[in-house]
Amino acid sequence: MAHESAKSLLEQHKEKHFTAGEIVRDIIIGVSDGLTVPFALAAGLSGANASSSIILTAGIAEVVAGAISMGLGGYLAAKSEADHYMRELKREEEEIIAVPDTEAAEIAEILSQYGIQPHEYAPVVNALRKNPQAWLDFMMKFELGLEKPDPRRALQSAFTIAIAYILGGFVPLIPYMLIPIARKALVASVLATILALLIFGYAKGHFTGNRPFRSAFQTALIGAVASAAAFGLAKAVQG
């Protein structure tokens, strides 16, 4: 009866938590690098007095190479996390079979950290010992702090980062597609990219729980410093 009542309450109360953290993280990684790196490259080539067509060609090549590299990095990182989880899962499973009393004592220790008394957690420990899969899941989550990864996570991360990089990377390059004079295209590229960085930084701050305006300023500042450094270096080398 109590179980049915609790279930009913949970069905009536749907908490609104933000659960797309991994996808947002991938988008942030892809867009932030996509906006900054091609922007700095275009600014550097403009400082070297390259034509719009050369800057555009180099920029597109960088966006393609960067998207592949970033996507591959995201895939390998997610794959490494999944491999680590499986190794720890196998190790924990072996320990439950080999030293069940020790593992049961670890359950008791974990629950005691939440202020649960021995007479309260003893039935929980016994119940978990009767259910090896639940016991294993409990140890993975509460002892090791590991969540079971989505088997599609690696590919999803790769595509999300790559696409986000491409979308961000074309923002500073669009002016060079429309304006044949590199100097004028640079001004338009700076304005377009700074605006995009401000919008992106604000959105990033909103979704990650940070101060949106502060995030917008910091993101735009990093992009501006990177492009200014590339432009100045190109001028210095040329001069």
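This one's a predicted model, so the numbers in the text were calculated from it and none came from an experiment.

**Details of the environment of phenylalanine 142**
Turning to step 1, where the next piece is worked out: Within the secondary structure, phenylalanine 142 sits in helix H6 (residues 132-143).
Turning to step 2, where the next piece is worked out: Given the relative accessible area of 41%, phenylalanine 142 is considered partly exposed.
Turning to step 3, where the next piece is worked out: Residues phenylalanine 142 and glutamate 106, spaced 36 residues apart in sequence, show a C-alpha to C-alpha distance of 10.0 Å.
Turning to step 4, where the next piece is worked out: What phenylalanine 142 contacts, discounting residues up to four positions off in sequence, is Ile110 and Tyr114.

**Looking at the UniProt feature "transmembrane region" (unreviewed entry) in the chain**
Turning to step 1, where the next piece is worked out: Following the UniProt record, the feature "transmembrane region" (unreviewed entry) maps to residues 54-78, 158-179, 185-203 and 215-234 here.
Turning to step 2, where the next piece is worked out: Between the C-alpha atoms that bound residues 158-179 there is a distance of 33 Å. The span itself is 82% helix and 0% strand.
Turning to step 3, where the next piece is worked out: The distance from the first to the last C-alpha atom of residues 185-203 is 27 Å, and the span holds 100% helix and 0% strand.

**Re the pattern of salt bridges**
Turning to step 1, where the next piece is worked out: Enumeration over the complete set of coordinates arrives at five salt bridges.
Turning to step 2, where the next piece is worked out: Across the salt bridge formed by arginine 91 and glutamate 88, the nearest N and O atoms sit 3.1 Å from each other. Of this pair, arginine 91 and glutamate 88 both sit in helix H3 (residues 52-98), three residues apart, which is roughly one turn of that helix.
Turning to step 3, where the next piece is worked out: Overall, the relative accessible area of 13% leaves glutamate 88 in the buried class.
Turning to step 4, where the next piece is worked out: Notably, a salt bridge pairs aspartate 101 with arginine 129, separated by 3.0 Å at the nearest N-O pair.

**Here we look at the packing of H3 against helix H4 (residues 100-112)**
Turning to step 1, where the next piece is worked out: Between H3 and H4, the least distance of the axes is 5 Å, while the angle of their chain directions is 110°. Taken together, the axes of H3 and H4 lie roughly perpendicular to each other. For the pair H3 and H4, contact is made by Glu92, Glu95, Ile96, Ile97 and Ala98 and by Pro100, Glu103 and Glu106, respectively.
Turning to step 2, where the next piece is worked out: A breakdown of the residues in the contact of H3 with H4 according to their chemical character gives four nonpolar, no polar and four charged.

**Concerning the packing of aromatic side chains**
Turning to step 1, where the next piece is worked out: Evaluated as defined, the whole model comprises one aromatic pair.
Turning to step 2, where the next piece is worked out: Aromatic pair tyrosine 202 and phenylalanine 213: ring centres 5.2 Å apart, planes at 70°, arrangement edge-to-face. With tyrosine 202 in helix H9 (residues 182-208) and phenylalanine 213 in helix H10 (residues 212-238), this pair connects stretches of sequence that are 11 residues apart.
Turning to step 3, where the next piece is worked out: Under the relative-accessibility criterion, tyrosine 202 is labelled partly exposed at 38%.
Turning to step 4, where the next piece is worked out: Judged by relative accessible area, which is 67%, phenylalanine 213 ranks as exposed.

**Digging into the layout of surface pockets**
Turning to step 1, where the next piece is worked out: One number sums up the size of the largest pocket: a volume of about 200 Å³.
Turning to step 2, where the next piece is worked out: Every residue along the wall of the largest pocket is listed here: Glu22, Glu81, His84, Tyr85, Leu146, Glu147, Lys148, Pro149, Asp150, Arg153 and Gln156.
Turning to step 3, where the next piece is worked out: For the lining of the largest pocket, the secondary structure elements donating two or more residues are H3 and helix H7 (153-170).
Turning to step 4, where the next piece is worked out: Element by element, the count of residues in the lining of the largest pocket is highest for H3, at three residues.
Turning to step 5, where the next piece is worked out: Of the residues assigned to the lining of the largest pocket, the class counts are three nonpolar, two polar and six charged.

**Observations regarding H7**
Turning to step 1, where the next piece is worked out: Compared with an ideal rise of 1.5 Å per residue, which puts 18 residues at 26 Å, H7 spans 26 Å between its outermost C-alpha atoms and is within 8% of the ideal.
Turning to step 2, where the next piece is worked out: Within the sequence span of H7, burial applies to Arg153, Ala154, Ser157, Ala158, Thr160, Ile161, Ala162, Ala164, Tyr165, Gly168 and Gly169.
Turning to step 3, where the next piece is worked out: Looking at the buried positions of H7, the neighbouring elements they touch are helix H2 (21-47) and H3.

**Topic: the packing of H3 against H7**
Turning to step 1, where the next piece is worked out: Viewed as axis vectors pointing N to C, H3 and H7 meet at an angle of 155°, and their least axial separation amounts to 7 Å. With respect to each other, H3 and H7 are oriented roughly antiparallel. As H3 runs across H7, the sense of the crossing is right-handed. Here H3 contributes Ile60, Glu62, Val63, Gly66, Ala67, Met70, Gly71, Gly74, Tyr75, Ala78 and Lys79 to the contact with H7, which in turn contributes Arg153, Ala154, Leu155, Ser157, Ala158, Ile161, Ala162, Tyr165, Ile166, Gly169 and Phe170.
Turning to step 2, where the next piece is worked out: Residue classes in the contact of H3 with H7 are distributed as 14 nonpolar, five polar and three charged.

Basis of the calculations
Residues numbered from 1 in each chain as written. Predicted model: local features only at pLDDT ≥ 70, side-chain atom pairs only at ≥ 80, totals over all residues. Heavy atoms only, no water. Helix = DSSP H or I, 4+ residues; strand = E, 2+ residues; numbered from the N terminus. Buried < 20%, exposed > 50% of the residue type's maximum accessible area, 1.4 Å probe, protein only. Contact = heavy atoms within 4.5 Å. UniProt positions renumbered as here; feature names shortened; annotations may be inferred. Salt bridge = Lys/Arg side-chain N within 4 Å of Asp/Glu carboxyl O. Axes fitted to C-alpha atoms, helices over the stretch in contact; angles between N-to-C directions. Parallel < 35°, antiparallel > 145°, perpendicular 65-115°, else oblique. Nonpolar A, V, L, I, M, F, W, Y, C, P; charged D, E, K, R; others polar. Phe/Tyr/Trp six-rings, centres within 6.5 Å; stacked < 30°, edge-to-face > 60°. 1 Å grid on protein atoms, 1.4 Å probe; cavity = no way out; pocket = protein on both sides within 12 Å on 5 of 7 lines; lining within 4 Å. Points joined across faces, edges and corners; volume = space filled by probe spheres on them. Expected span 1.5 Å × (residues − 1). Left-handed = near helix turned anticlockwise from the far one by under 90°.

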